[in-house]
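Spelled out from the first residue to the last, the chains are:
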Amino acid sequence: MRTVPRLQPFATTIFAEMSALAVEHDAINLGQGFPDTDGPASMLAAAQQAIADGQNQYPPGIGVPALRAAVARHQHDLYDLAYDPDTEVLVTVGATEAIAGAIVGLVDAGREVVMIEPYYDAYAATVAMAGGIRRTVPLVPDGDGFRVDRERLAEAFAVKPAVALVNSPHNPTGTVLADDDLAEIARLCVEHDVIAVTDEVYEHLLFDGRRHRPLATFPGMRERTLRISSAAKTFNVTGWKVGWVSGPADLVAAARTAKQYMSYVGSGPFQPAVARALDTELDWVSESAKQLGAQRDLLSSALADAGFAVHRSEATYFVCADPRPLGITDGIEFCRELPARVGVAGVPVAVFTDDREPWQHLVRFSFAKRPEVIEQAADRLRKA
């Protein structure tokens, strides 16, 4: 093994393992979170036109002006957050690069990064790349959903971390952090002078009338928050890899310093297409979220019919299910057996944690698939 020790735990991902099992057993892959339908037609046509028009070379390092302006307008119109598109918005190769640029640019070796657990797996790898130390704050049960463990949150901030990495709407649980949880995170960031990096890629995919509230809108947070989002989940284009960072110019500059040596630039002809969609296709996004809500209900009902205990999914692409009523206590082993057993692939939630024990049983399924695919998966899951 020639990989440096701090990165050895990240040599393979659970998504690669589960996707390979899905292919091997011709299973329906509800493990990896990507949709199987395209985004708005006008956006796709704009990308095709940009390619035809020759926009196929390096775009500006900070992103094409039209997209940076559209991102700034979008955040001002929806959240009353004002950002200068020339100094406070940076286009990245997806949200994952935005997170990496922010963490590597802001975290010195040996400094701590607070993360909510379970966490998107790239967070842990990114902190390791920076030489940082992750300190996790768990979600705890709240009825059939989850909320932040406030005691552990206070303990994490007491060590003066460099960054708090906050994800809401939350992957993998589908939780939308409550306003009082967000307010407490904001209070602690201000009190301890901590920078917040917020992953908000599911900001438009909330259900049952919920509304997204960015952490940057809380008192004292605009000046200390890097806000990250992307086109991938909003417009069903996970393969385009168009993300962005917004925040104070000095924090954006720190992310840019690291990011420019990761990819320099990317997604040239897709950037003007995303700009068009941000300006003109939010009605499409609203309809997409409604459809996702219906698909959530369909999959949740199927899981309940199969005997799972089903957690509340308030947003995202995901629902978490508890197979313990079926006599199954090891979610990792269960997910490895499920593709061969019933022809469906899921992902064990424990792999997204440092402390696996409280999460060992839980399984995440994606409902970002066409209704007929979910129906077929539902029929198979009822045989689980």
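Residues numbered from 1 in each chain as written. Predicted model: local features only at pLDDT ≥ 70, side-chain atom pairs only at ≥ 80, totals over all residues. Heavy atoms only, no water.

A. Representation of the sheet that holds strand β9 (residues 243–246). Strand order in this open sheet of eight strands is β2-β9-β8-β7-β6-β3-β4-β5, and the pairing throughout is mixed. Edge strands, defined here as strands with exactly one partner in the open sheet, are β2 (89–92) and β5 (145–148). Between one strand axis and the next, the sheet turns through 25 degrees on average, direction left out of account. Inspection of the sheet shows strand β6 (residues 163–167) paired to strand β7 (residues 195–199) by five bridges, in the parallel sense. Considered in β7, the bridge of Val-166 is made with Thr-198. (Pairing = 2+ DSSP bridges. Helix = DSSP H or I, 4+ residues; strand = E, 2+ residues; numbered from the N terminus. Axes fitted to C-alpha atoms, helices over the stretch in contact; angles between N-to-C directions.)

B. Main features of the packing of aromatic side chains. For the structure shown, the criterion picks out 11 aromatic pairs. An angle of 80 degrees between the planes, with centres 5.7 Å apart, marks the rings of Tyr-58 and Tyr-264 as edge-to-face. Here Tyr-264 lies in the loop between α9 (249–259) and α10 (270–280) and Tyr-58 lies in the loop between α2 (41–52) and α3 (65–79), a separation of 206 residues in the sequence. Relative accessible area serves as the criterion here: at 69%, Tyr-58 is assigned to the exposed category. (Phe/Tyr/Trp six-rings, centres within 6.5 Å; stacked < 30°, edge-to-face > 60°. Buried < 20%, exposed > 50% of the residue type's maximum accessible area, 1.4 Å probe, protein only.)

C. Focus on the pattern of salt bridges. Counted by the stated rule, this structure contains 29 salt bridges. A salt bridge links Arg-210 to Glu-314, with the nearest nitrogen and oxygen atoms 3.6 Å apart. Of this pair, Arg-210 sits in the loop between β7 and β8 (225–230) while Glu-314 sits in the loop between β10 (309–310) and β11 (318–322); the two residues are 104 residues apart in sequence, bridging distant segments of the chain. The buried category is assigned to Glu-314, whose relative accessible area is 8%. (Salt bridge = Lys/Arg side-chain N within 4 Å of Asp/Glu carboxyl O.)

D. Structural view of the layout of surface pockets. Reported here for the largest pocket is a volume of approximately 550 Å³. Mapped by element, the contributors of at least two residues to the lining of the largest pocket are α1 (14–24), α5 (121–130) and α12 (331–342). The greatest single-element share of the lining of the largest pocket, amounting to five residues, is contributed by α5. Counted by class, the lining of the largest pocket contains 13 nonpolar, three polar and six charged residues. Two domains each donate at least three residues to the lining of the largest pocket, and these are domain 1 (5–39 + 282–382) and domain 2 (41–280). (1 Å grid on protein atoms, 1.4 Å probe; cavity = no way out; pocket = protein on both sides within 12 Å on 5 of 7 lines; lining within 4 Å. Points joined across faces, edges and corners; volume = space filled by probe spheres on them. Nonpolar A, V, L, I, M, F, W, Y, C, P; charged D, E, K, R; others polar. Domains from an automatic or database assignment.)

E. The domain arrangement of the protein, seen in detail. Assigned domains of the protein: these are domain 1 (5–39 + 282–382) and domain 2 (41–280). Once you take the C-alpha centre of each, domain 1 and domain 2 turn out to be 24 Å apart. At the interface, 38 residues of domain 1 touch 44 residues of domain 2. Both faces considered, domain 1 and domain 2 share a buried interface measuring about 3,600 Å² in area, 58% of it formed by carbon and sulfur atoms. When the buried area of domain 1 at its contact with domain 2 is split by residue, Leu-282, Arg-312 and Glu-314 rank highest and sum to 20% of it. Where domain 1 meets domain 2, there are four salt bridges. The partner of Arg-134 in a salt bridge is Asp-354, with the nearest N and O atoms 2.9 Å apart. Among the secondary structure elements, those contributing two or more residues to the side of domain 1 that touches domain 2 are α11 (282–305) and β11. With eight residues, the top contributor of residues to the side of domain 1 that touches domain 2 is α11. (Contact = heavy atoms within 4.5 Å. Buried area = accessible area lost by both parts, 1.4 Å probe.)

F. View of the packing of α11 against helix α13 (residues 371–381). With their axes 9 Å apart at the nearest point, α11 and α13 run at an angle of 10 degrees to one another. With respect to each other, α11 and α13 are oriented roughly parallel. For the pair α11 and α13, the contacting residues are Gln-291, Gln-295, Leu-298, Leu-299, Ala-302 and Leu-303 in the first and Pro-371, Ile-374, Glu-375, Ala-378 and Leu-381 in the second. Considered class by class, the residues forming the contact of α11 with α13 number eight nonpolar, two polar and one charged. (Parallel < 35°, antiparallel > 145°, perpendicular 65-115°, else oblique.)

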